[in-house]
Amino acid sequence: MGKGKYSHKKGGITPDNESAPQKDAQVFAGENQENTPPSSPGVTAESTESAASAGTGIGERIAAAFRGGDKLRGSSRRIWELDFIRGVCVLLMVFDHFIYDIGYIFSPAWIRANPDMEWLEYIRDAAREYWNSSFHTDSQHVVVWIFCFVCGISCYFSRSNLKRGIMAAVFAMLITLVTSQLGMTIRFGILHMFAFAILLWWLIDTVCRHKKLRTAVVSLVLGIAIIAIDYGFSSAYENGMRFTIDKTWFFVADWLNAGVSSSDYYPIFPSVGYVLIGSFFGYLLYNKRRSLFPRLGRYSWHAPFDFWGRIALWVYVLHQVVVAAILALISILIFTPGDFVII
C-alpha cells in the first residue's frame, strides 16, 4: 500500500438480487468473500461448523479448516459495498505508486534526455509535491485503515481463513524475495501484516470453538489492546525512550525498529488491531450476511470498482510490475529511445 505510517524509506460482479455459485476461500483483504445464508431458519453457519467438527481429531479439524469445511446449502450473494470499498482502496494504491514512479524514477531520466522539454520538470515537481504533501500522508493513512477494516470484516465471511492466510503469507514471502533482488526490500509490508492478522483471527476463532459472538468479542478486546499499547509505547518513543537495539523485532512495532528500513512497512502494532476490530464489525453489521445498502447497489454503477476489489491480491502483487513496464515502454518509445530507464 505504498509508504505506510511507519515507513522509513520508500522502497462478473454478482448483483445483490442475483445468485452466484459459491467461491473458494478468499485471499488478501477478502476478495471473493462468501455471504452464505443458513440452509434453513433453524440451522446456522455456527451450528453447522460445530456439528461437522464434533467427534473429530485435531489433525482432522486442521485439515477441515484448510479445506474450508462443508459448503452450506443455499445461495451465495456478494455484498457489493465491500467489493466497492476494497476496489477504491486498491486503485488509490496503484495511483499512489504511479505518482512515485513518475516523480522519482522516470521523470529525472526523461528530463536529462530532453532538457528542452520544460514541461517535464513541471510533471516531476507536481508528482513530488503531491508525494511529500500532508494531504498524501493523511489520506494514505485513512485508506490503509479502511483496507484493514474491510480485511477484518472479510474474515467473518471466509470459509477458510487458514487457507486464506497461508496463501497471503506465501505471496508476501515471494514479494520479499523479489524486492530484495531489486534493492528495495519489503520486509514486512501490508500483505505480510494481512497474512499475520488473518492467521491470528483463525487461531482466535479456533480457540473460541467457532462461536462467532465469542470470537468477535475477543477480537474487539484484543484489537483495542493492540492499538492502545502501540499508542502508549509510541508516545514514550517520541519522548526519547528506547526499548531495543535488536533488529530481529522490527516487524512487531515501529518503536522496536532499530533502524531497519523497508519499502513498505506495516508492523503488527497497531495495524493488526484495526483488522481485528474490523472482524468484530463484520459480525455486528453483517450477521445476516446481507448488504447494508441493497437499494443503492441495485444498479451496476459500482461494478468497475467491484471488479478491482475482487482481484485485490493480484493487483497488489502485480501492479508495480505493470506500472513500471508501461512507463518503461513510454520511455523507450518517446523520451529515452533505446533506454528503458529502469534497466
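Residues numbered from 1 in each chain as written. Predicted model: local features only at pLDDT ≥ 70, side-chain atom pairs only at ≥ 80, totals over all residues. Heavy atoms only, no water.

### Describing the overall build of the protein
Phase 1: Along the protein, the regular secondary structure elements total 11 helices and zero strands.
Phase 2: Taken from N to C terminus, the helices and strands of the protein fall in the order α-α-α-α-α-α-α-α-α-α-α.
Phase 3: Out of the 343 residues in the protein, the part that is buried amounts to 46%.
Phase 4: When the accessible area of the protein is evaluated, it comes to approximately 17200 Å², of which 66% is carbon and sulfur surface. (Helix = DSSP H or I, 4+ residues; strand = E, 2+ residues; numbered from the N terminus. Buried < 20%, exposed > 50% of the residue type's maximum accessible area, 1.4 Å probe, protein only. Areas by Shrake-Rupley, 256 points an atom, 1.4 Å probe, with all protein chains shown as cover.)

### Side note on the packing of aromatic side chains
Phase 1: According to the stated counting rule, one finds 25 aromatic pairs in the structure shown.
Phase 2: Ring centres of Trp-145 and Tyr-274 lie 5.9 Å apart, and the angle between their planes is 40°; on these two criteria the pair is classed as tilted. In this pair, Trp-145 is assigned in helix α5 (residues 134-157) and Tyr-274 in helix α9 (residues 268-285), connecting sequence segments 129 residues apart.
Phase 3: Put simply, the rings of Phe-188, Trp-249, Phe-250, Phe-251 and Tyr-265 pair up and form one aromatic cluster.
Phase 4: The ring centre of Tyr-104 lies 4.7 Å from the NZ or CZ of Arg-128, which sits over that ring.
Phase 5: Geometry around Tyr-156 places Arg-289 over its ring, the cationic atom sitting 5.1 Å from the centre. (Phe/Tyr/Trp six-rings, centres within 6.5 Å; stacked < 30°, edge-to-face > 60°. Lys NZ or Arg CZ within 6 Å of the ring centre and 35° of its normal.)

### Quick notes on helix α3 (residues 80-113)
Phase 1: Compared with an ideal rise of 1.5 Å per residue, which puts 34 residues at 50 Å, α3 spans 47 Å between its outermost C-alpha atoms and is within 8% of the ideal.
Phase 2: Where α3 bends most, the angle comes to about 50°, and this point is Phe-106, followed within four residues by the proline Pro-108. (Expected span 1.5 Å × (residues − 1). Bend = angle between axes of the 7 residues up to and from the residue.)

### Regarding the pattern of salt bridges
A side chain with one charge can pair with a side chain of the opposite charge if their charged atoms come near.
Phase 1: Counted according to the given criterion, the structure contains four salt bridges.
Phase 2: A salt bridge links Arg-86 to Asp-83; the shortest N-O distance between them is 2.9 Å. Taken together, the residues span about one helical turn, with Arg-86 and Asp-83 both in helix α3 at a distance of three residues. Per residue, the accessibility class of Arg-86 equals that of Asp-83, and both read buried.
Phase 3: Through salt bridges that share partners, Arg-78, Asp-83 and Arg-86 make up one connected network. (Salt bridge = Lys/Arg side-chain N within 4 Å of Asp/Glu carboxyl O.)

### Section: the packing of helix α7 (residues 190-207) against helix α8 (residues 212-238)
Phase 1: Interhelical geometry of α7 versus α8 gives an angle of 130° and a closest axis separation of 9 Å. The orientation of α7 with respect to α8, classified from their angle, is oblique. As α7 runs across α8, the sense of the crossing is right-handed. In this structure, α7 uses Leu-200, Trp-201, Ile-204 and Asp-205 to contact α8, whose residues at the interface are Lys-212, Thr-215, Val-218, Ser-219 and Leu-222.
Phase 2: Counted by class, the contact of α7 with α8 contains five nonpolar, two polar and two charged residues. (Axes fitted to C-alpha atoms, helices over the stretch in contact; angles between N-to-C directions. Parallel < 35°, antiparallel > 145°, perpendicular 65-115°, else oblique. Left-handed = near helix turned anticlockwise from the far one by under 90°. Contact = heavy atoms within 4.5 Å. Nonpolar A, V, L, I, M, F, W, Y, C, P; charged D, E, K, R; others polar.)

### Quick word on the side chain of Glu-81
Phase 1: The topology assignment puts Glu-81 in helix α3.
Phase 2: Salt bridges are absent for the buried Glu-81, whose nearest opposite-charge side chain, Arg-78, sits at 10 Å.
Phase 3: Sequence-distant contacts of Glu-81, defined by excluding residues within four places in its chain, comprise Tyr-286, Ser-291, Leu-292 and Phe-293. (Lys, Arg positive; Asp, Glu negative; His and termini not counted.)

### Considerations on the state of the cysteines
Phase 1: Scanning the entire structure with this criterion turns up zero disulfides.
Phase 2: In this structure Cys-148 is a free cysteine whose sulfur lies 7.1 Å from that of Cys-151, the closest cysteine sulfur available. (Disulfide = S-S within 2.5 Å.)

### Regarding the confidence of the model for the protein
Phase 1: Considering every residue of the protein, the mean pLDDT works out to 81; 76% of them sit at 70 or more.
Phase 2: Here helix α1 (residues 45-53) stands out as the least confident element of the protein, with mean pLDDT 42; α7 is the most confident, with 97.
Phase 3: Taken as a whole, residues 2-29 scores under 50 in pLDDT and shows 105 contacts with residues more than four places along the chain or in a different chain.
Phase 4: Below pLDDT 50 for its whole length, residues 31-55 participates in 61 contacts with residues either more than four positions away or in separate chains. (pLDDT = per-residue confidence, 0-100.)

### A word on a nonpolar patch on the surface
Phase 1: Judged by side-chain polarity, Ile-166, Val-170, Met-173, Leu-174, Leu-177, Val-178, Leu-182 and Met-184 come together as a nonpolar surface patch covering roughly 730 Å² of accessible area.
Phase 2: Considering the arrangement of structural elements, one finds Leu-182 in the loop between α6 (161-181) and α7. (Patch = residues over 30% accessible without salt bridge, like charges linked within 9 Å, V, L, I, M, F, W, Y side chains within 5 Å.)

### Digging into the environment of Leu-285
Phase 1: The topology assignment puts Leu-285 in helix α9.
Phase 2: Assessed through its relative accessible area of 38%, Leu-285 is described here as partly exposed.
Phase 3: Distance from Leu-285 to Ile-153, taken between C-alpha atoms, is 9.0 Å for residues 132 residues apart in sequence.

### Examining the environment of Phe-95
Phase 1: By the element assignment, Phe-95 lies in helix α3.
Phase 2: Judged by its relative accessible area of 41%, Phe-95 is partly exposed.
Phase 3: The spacing of Phe-95 and Val-323 is 228 residues in sequence and 9.5 Å in space, taken between C-alpha atoms.

### Observations regarding the nonpolar core
Phase 1: Judged by nonpolar contacts, the single largest core of 44 residues is most densely connected at Leu-191, Met-193, Phe-194 and Val-272.
Phase 2: Taken together, the elements giving at least two residues each to this core come down to α3, α5, α6, α7, α9 and α11 (312-335).
Phase 3: Contact partners of Val-272, with chain neighbours within four places excluded, come to Met-193, Phe-196, Ala-197, Leu-200 and Ile-226.
Phase 4: Within the second largest apolar cluster, 13 residues are counted, among which are Phe-106, Ala-109, Leu-120 and Val-341. (Core = buried A, V, L, I, M, F, W, Y, C linked by side-chain atoms within 4.5 Å.)

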